[in-house]
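# Coordinate analysis (summary)
Spelled out from the first residue to the last, the chains are:
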Amino acid sequence: MSVATVEVDVAALLHNVNCFKRQAPHSQIWAIIKANAYGHGKTEVARFLQKQVDGFGVARLSEALELRSVGIIAPILLLEGFFPDEDITLLERYSLQTMIHSPEQIERLRELKTSYPLNVWFKLDSGMHRLGFRPEQARHYFNLLAACPSVAKPINIASHFCCADELDNPYTTAQIQVFDDFIAAIDDPALVGLQSLCASSGLFGWQTAHRDIVRPGLVLYGISPFDYQIKDKATGAALGLLPVMTLKSMLIAVRDHKQGEGVGYGQTWRSPRDTRLGVIAMGYGDGYPRGVPADIPVMINGQLLPIVGRIAMDMIVVDLGPDTSAQIGDEVIFWGPDLPVEKIAALSGMSAYELVVHLTSRAKLVYKF
Ligand SMILES: *Cc1c(COP(=O)(O)O)cnc(C)c1O
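Presented here is an overview of the structure given in this document. Just so it is clear, the model here is predicted, and its values are computed rather than measured.

## Observations regarding the side chain of Gln-195
Of note, Gln-195 is situated in strand 8 (residues 192-198). Given the relative accessible area of 15%, Gln-195 is considered buried. One polar contact links Gln-195 to Arg-211, side chain to side chain, over a distance of 3.0 Å. Gln-195 has contacts with Ile-157, Phe-179, Ile-183, Arg-211, Asp-212 and Ile-213, leaving out every residue within four places of it along the chain.

This is the structure:
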């Protein structure tokens with residue numbers, strides 16, 4: 001047992017990919033492993049999944065280069081494309097695919113000389129209004145992109161949903177319509193490559209949008225992207241997935257505590273009774289958010305117990321109760337298969353995305369097979 005550990009269940013990761021294959025049997029699966037694979041360790045996750053998926057998506061060129069440097073040879077897509085100051089000859093050298101979302105990017109590709117044409121994806125803004133070509137300009141820019149000698153044809157076409165986690169929101173239907181209208185309007189249908197619309201919530205909520213390629217991120221790690229109130233979709237388990245991450249540590253002290261005494265910085269909590277407190281080696285230095293409200297539960301020996309007092313950089317205190325049998329060295333689980341991260345997210349008013357991505361390098365990643 002060690003302190004502040006992020007345990008990653010590799011079998012669960014593989015199970016989840018198989019689940020996607022049943023969910024979208026006709027689609028390629030590109031696993032999204034940006035932000036260090038949502039805290040799960042991108043190089044390891046890429047190694048474990050390399051044979052199971054069709055490609056990977058990352059948000060930064062640096063992430064893609066790191067994957068190449070450890071020998072990942074699978075296709076890699078830069079989800080936000082290359083940035084203004086980046087050396088785009090690296091795309092050719094390291095065989096990276098890039099999203100193209102701006103006229104400036106097309107301009108740079110137009111001037112680029114390559115020894116083979118690059119695989120690029122055209123990003124349509126179907127309604128998110130963050131990145132991508134607006135529908136009324138998209139045909140023009142698609143043709144410009146297709147005319148670049150450095151660009152391989154046909155060109156994949158992608159878009160991103162902004163409200164797909166809301167299962168009855170008609171905006172997603174409208175986005176699909178904008179996408180289909182654009183595809184239908186392309187002058188030369190032979191230029192249309194594979195279509196991709198769905199991230200996690202599209203994959204599990206919008207069957208008609210699966211198309212040729214799905215891009216699951218959060219669900220890869222066994223976490224539901226849907227609202228915790230939606231009973232049959234509240235957790236990864238409800239979707240048929242297995243949670244991949246267990247965040248845990250151990251008790252480094254178990255102490256007597258008197259009624260009326262406070263604990264920790266600011267003495268923000270006072271005990272209503274004589275009790276025993278446990279001190280856990282975990283804190284915001286490991287990425288456990290300092291801002292979670294009082295009473296968030298942790299699990300010790302199968303029992304849910306409330307965090308008390310402020311979360312510090314290195315320590316978290318829990319009220320074990322007067323009759324506890326917990327001892328120094330006992331394991332403490334912050335989230336995992338028996339205490340869903342979605343529940344902690346809902347209780348703390350944070351998103352599960354944020355909780356897992358937030359973990360720091362001090363929390364040790366351990367892979368369980
Ligand atoms: C992050 C991202 C995804 C994955 O999103 P999830 O909700 O985690 O599945 C897919 N596509 C794009 C373009 C992204 O930026």
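Moving on from the model shown.
## As for the site of the ligand
Residues in contact with the ligand, as listed here, are Ile-32, Lys-34, Tyr-38, Leu-79, His-160, Ala-199, Ser-200, Arg-215, Pro-216, Gly-217, Leu-218 and Tyr-353. For the ligand, an oxygen atom lies 2.8 Å from a polar atom in the backbone of Gly-217. A distance of 2.6 Å separates an oxygen atom of the ligand from a polar atom in the side chain of Tyr-353. For the ligand, whose unbound accessible area comes to 390 Å², protein coverage reaches 91%. Mapping the ligand onto the cavity grids shows that it belongs to the largest pocket.

## So, the sheet that holds strand 8
Pairing within the closed barrel is parallel, and its eight strands lie in the order 2-3-4-5-6-7-8-9. Relative to strand 6 (residues 120-123), strand 5 (residues 96-100) runs parallel, the two being bridged by three bridges. Each bridged residue has a counterpart across the sheet, and for Met-99 the counterpart in strand 6 is Trp-121.

## A word on the packing of aromatic side chains
Under the defined criterion, the tally for this structure stands at 13 aromatic pairs. Relative to Phe-182, the ring of Phe-122 lies with its centre 5.5 Å away and its plane at 20 degrees, an arrangement referred to as stacked. Here the residue Phe-122 occupies a position in strand 6, and Phe-182 occupies one in helix 8 (residues 170-185), the gap between them amounting to 60 residues. Arranged with centres 5.1 Å apart and planes meeting at 55 degrees, the rings of Tyr-288 and Phe-334 form a pair that is tilted. Note that Tyr-288 is positioned in the loop between strand 13 (275-281) and strand 14 (297-300) and Phe-334 in strand 17 (residues 331-335), a separation of 46 residues in sequence. Note on accessibility: Tyr-288 and Phe-334 belong to one class, buried. Among the aromatic side chains, those forming a connected cluster through ring pairs are Phe-122, Phe-133, Tyr-141, Phe-142 and Phe-182. Over the ring of Phe-226 we find Lys-233; its NZ or CZ atom is 5.9 Å from the centre of that ring.

Reading the values: the criteria
Residues numbered from 1 in each chain as written. Predicted model: local features only at pLDDT ≥ 70, side-chain atom pairs only at ≥ 80, totals over all residues. Heavy atoms only, no water. Helix = DSSP H or I, 4+ residues; strand = E, 2+ residues; numbered from the N terminus. Buried < 20%, exposed > 50% of the residue type's maximum accessible area, 1.4 Å probe, protein only. Polar contact = N/O pair within 3.5 Å; in protein donor to acceptor, adjacent residues only side chain to side chain. Contact = heavy atoms within 4.5 Å. Near = heavy atom within 4 Å. Areas by Shrake-Rupley, 256 points an atom, 1.4 Å probe, with all protein chains shown as cover. 1 Å grid on protein atoms, 1.4 Å probe; cavity = no way out; pocket = protein on both sides within 12 Å on 5 of 7 lines; lining within 4 Å. Sits in = over half its atoms within 2 Å of the grid points. Pairing = 2+ DSSP bridges. Phe/Tyr/Trp six-rings, centres within 6.5 Å; stacked < 30°, edge-to-face > 60°. Lys NZ or Arg CZ within 6 Å of the ring centre and 35° of its normal.

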